[in-house]
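Structural characterization, general
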Amino acid sequence: MKISGTISSKRSRRRLTGKFLALVAFALIISFWRITTGEWEIPFECVIHFLSANLGESERILPQALVIRNVRLPRLICSFGTGGLLSVSGVILQGLLANPMAEPYTLGIAAGAAFGASLGIIFGNGNFLVMPCAFAGAVFALIFTGIIALRGGNFSNSKIILAGIISNSILSAGVTLLKSISGEKIGSIVLWLMGSFSGAGVREIFYVAFAVVITIFPAIILSSQLDAMSLGNNRGAILGVNENLVRIILLVTNSLGVAVIVSSFGLIGFVGLIIPHVMRILVGASHLRLIIFAFMSGACLLSFADGVAQSIGELPVGVLTALLGGIFFCWLLARNNNA
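From a predicted model like this one, the values you see are computed outputs, not experimental measurements.

**Considering the overall build of the protein chain**
- Of the regular secondary structure elements, the protein chain holds 15 helices and zero strands.
- Since a compact globule built from 339 residues should have a radius of gyration of about 20 Å, the 21 Å found for the protein chain is in line with a globular shape.
- Each principal axis of the C-alpha distribution contributes one length, and for the protein chain these read about 65 × 60 × 40 Å.
- Looking at the protein chain residue by residue over its 339 residues, the buried ones come to 46%.
- When contacts within the protein chain are restricted to residue pairs at least 6 apart in sequence, long-range pairs at least 24 apart make up 76% of them.
- Of the roughly 16500 Å² that the protein chain leaves accessible, carbon and sulfur atoms contribute 69%.
- Counting 22 positive and 12 negative side-chain charges, the protein chain places the averaged centre of each group 18 Å from the other.

So this is what it looks like as structure tokens:
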């Protein structure tokens with residue numbers, strides 16, 4: 001019996017390793033495609049040359065070098081990091097709230113960022129106010145949701161979700177009101193709401209890196225507690241987990257990470273809903289494993305979607321992810337009906 005269990009464990013590890021290597025290979029293929037193709041086809045050997053750390057000053061200002069280093073590479077890194085973060089965020093929220101439909105925008109963060117960005121677009125001269133206003137709106141939404149959820153002192157999963165729905169409804173109505181009075185700036189608001197990486201640059205890479213670190217590292221450290229809490233019915237507390245403390249830490253860090261992403265690139269929905277469901281089917285329910293695989297899968301999905309969106313005329317990537325999300329909902333509903 002022990003030998004059989006050992007063999008089964010080894011097979012399971014081999015399968016997981018194979019799946020992880022497949023994701024790495026897919027990520028490399030996407031990277032190759034994204035960085036060599038576009039309006040200007042650049043051979044791979046030229047890409048490698050222009051990405052060299054020893055590139056001379058005279059070569060750094062060549063058009064090909066500028067396109068690769070200042071446009072394509074930052075966009076690739078930002079789409080990878082954003083996709084990975086949104087997917088891990090979905091894993092965290094679904095485990096934390098014991099709700100399979102939870103995703104990064106459950107707490108009203110997206111609506112708060114949209115409201116702040118709309119204010120920045122309407123009252124700002126240029127785009128310099130958009131990101132700080134969007135971030136401030138996202139943080140305000142988090143605080144507002146927390147205040148509603150804490151009414152009565154019982155910080156339960158159901159109250160958090162209900163508070164998020166209330167916050168999202170109020171702030172979404174605020175966005176609609178701002179659009180109605182924005183005049184000629186309504187086009188800029190609508191475009192921002194769709195989500196895009198077209199403006200990604202070197203500065204945005206640092207924003208994404210910061211967001212990934214503050215979101216993923218606490219989740220990895222607390223992954224075993226998250227496993228217990230995902231069972232629901234306060235089973236985490238029975239197993240010795242301080243559920244309120246874990247919930248507050250992960251909700252705050254997760255929300256701040258998503259706020260940075262949303263304020264940088266706009267609304268990109270459904271990635272945090274699709275990937276966690278698929279990864280649970282493929283790799284199981286262990287949150288440490290889920291975090292690793294969800295990050296890689298989300299990175300690949302969003303980068304691929306952004307490449308497709310760019311290739312068909314710089315379509316906002318949020319439109320594609322929304323389309324994928326709708327198809328996924330139909331599949332999920334059909335699957336549950338057949339279960």
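**Let's talk about the side chain of Ser-182**
- Checked against the element boundaries, Ser-182 lands in the loop between α7 (157-181) and α8 (186-194).
- By relative accessible area, Ser-182 is classed as buried at 8%.
- At 3.4 Å, the side chain of Ser-182 forms a polar contact with the backbone nitrogen of Ile-186.
- Those residues in contact with Ser-182, other than ones at most four positions away along the chain, are Ile-122 and Ile-189.

**Considering the confidence of the model for the protein chain**
- Of all residues in the protein chain, 94% have pLDDT values of 70 or greater, and the mean over the chain is 85.
- By mean pLDDT, the top-scoring element of the protein chain is helix α9 (residues 202-221) (94), and the lowest-scoring one is helix α11 (residues 235-238) (72).

**Considerations on the pattern of salt bridges**
- Here the structure, examined in full by the defined rule, presents four salt bridges.
- A salt bridge links Arg-34 to Asp-306, with the nearest nitrogen and oxygen atoms 3.0 Å apart. Taken together, the residues span a long stretch of sequence, with Arg-34 in helix α1 (residues 2-36) and Asp-306 in helix α14 (residues 287-311) at a distance of 272 residues. Asp-306 shares its class with Arg-34; the two are buried.

**Let's talk about the packing of helix α6 (residues 130-149) against helix α12 (residues 243-265)**
- Put simply, α6 and α12 touch, their axes get as near as 8 Å, and they point 150 degrees apart. Taken together, the axes of α6 and α12 are roughly antiparallel relative to one another. Seen along the crossing, α6 lies across α12 with a hand that is right-handed. Contact with α6, carried on its side by Met-131, Ala-134, Phe-135, Ala-138, Val-139 and Leu-142, involves Leu-251, Val-252, Ser-255, Leu-256, Ala-259, Val-260, Ser-263 and Ser-264 of α12 and no other residues of that element.
- When its residues are assigned to classes, the contact of α6 with α12 shows 11 nonpolar, three polar and no charged.

**With respect to a nonpolar patch on the surface**
- A contiguous nonpolar surface patch, about 400 Å² in accessible area, is contributed by Phe-20, Leu-21, Ile-220, Leu-288 and Ile-292.
- Those elements giving two or more residues to the nonpolar patch turn out to be α1 and α14.

**Topic: the packing of helix α5 (residues 109-123) against α6**
- Axis separation between α5 and α6 bottoms out at 6 Å; the angle between their running directions is 145 degrees. At the point where α5 passes α6, the crossing takes the right-handed sense. Contacts between α5 and α6 involve Ile-109, Gly-112, Ala-113, Gly-116, Ala-117, Gly-120 and Ile-121 from the former and Val-130, Cys-133, Ala-134, Gly-137, Ala-138 and Ala-141 from the latter.
- Here the contact of α5 with α6 is composed, by residue class, of nine nonpolar, four polar and no charged.

**A short note on the packing of aromatic side chains**
- On inspection of all chains with the given rule, the structure shows five aromatic pairs.
- Aromatic pair Phe-20 and Phe-293: ring centres 6.0 Å apart, planes at 75 degrees, arrangement edge-to-face. Taken together, the residues span a long stretch of sequence, with Phe-20 in helix α1 and Phe-293 in helix α14 at a distance of 273 residues.
- For Phe-20, a relative accessible area of 30% gives the class partly exposed.

**What about α5?**
- In this model, α5 (15 residues) spans 21 Å end to end at C-alpha, consistent with the 21 Å of a helix rising 1.5 Å per residue.
- The buried fraction of α5 is high, at 12 of 15 residues.
- Packed against the buried residues of α5 are α6, α7, α8 and α12.

**Details of a positive patch on the surface**
- Positive charge collects at one region of the surface, where Lys-10, Arg-11, Arg-13, Arg-14, Arg-15, Lys-19 and Arg-289 lie side by side.
- Ranked by residue count, the leading element in the positive patch is α1, at six residues.
- As for its placement among the helices and strands, Arg-289 is situated in helix α14.

Reading the values: the criteria
- Residues numbered from 1 in each chain as written.
- Predicted model: local features only at pLDDT ≥ 70, side-chain atom pairs only at ≥ 80, totals over all residues.
- Heavy atoms only, no water.
- Helix = DSSP H or I, 4+ residues; strand = E, 2+ residues; numbered from the N terminus.
- Rg over C-alpha atoms; globule rule 2.2 N^0.38 Å.
- Buried < 20%, exposed > 50% of the residue type's maximum accessible area, 1.4 Å probe, protein only.
- Contact = heavy atoms within 4.5 Å.
- Areas by Shrake-Rupley, 256 points an atom, 1.4 Å probe, with all protein chains shown as cover.
- Lys, Arg positive; Asp, Glu negative; His and termini not counted.
- Charge placed at Lys NZ, Arg CZ, Asp CG, Glu CD.
- Polar contact = N/O pair within 3.5 Å; in protein donor to acceptor, adjacent residues only side chain to side chain.
- pLDDT = per-residue confidence, 0-100.
- Salt bridge = Lys/Arg side-chain N within 4 Å of Asp/Glu carboxyl O.
- Axes fitted to C-alpha atoms, helices over the stretch in contact; angles between N-to-C directions.
- Parallel < 35°, antiparallel > 145°, perpendicular 65-115°, else oblique.
- Left-handed = near helix turned anticlockwise from the far one by under 90°.
- Nonpolar A, V, L, I, M, F, W, Y, C, P; charged D, E, K, R; others polar.
- Patch = residues over 30% accessible without salt bridge, like charges linked within 9 Å, V, L, I, M, F, W, Y side chains within 5 Å.
- Phe/Tyr/Trp six-rings, centres within 6.5 Å; stacked < 30°, edge-to-face > 60°.
- Expected span 1.5 Å × (residues − 1).

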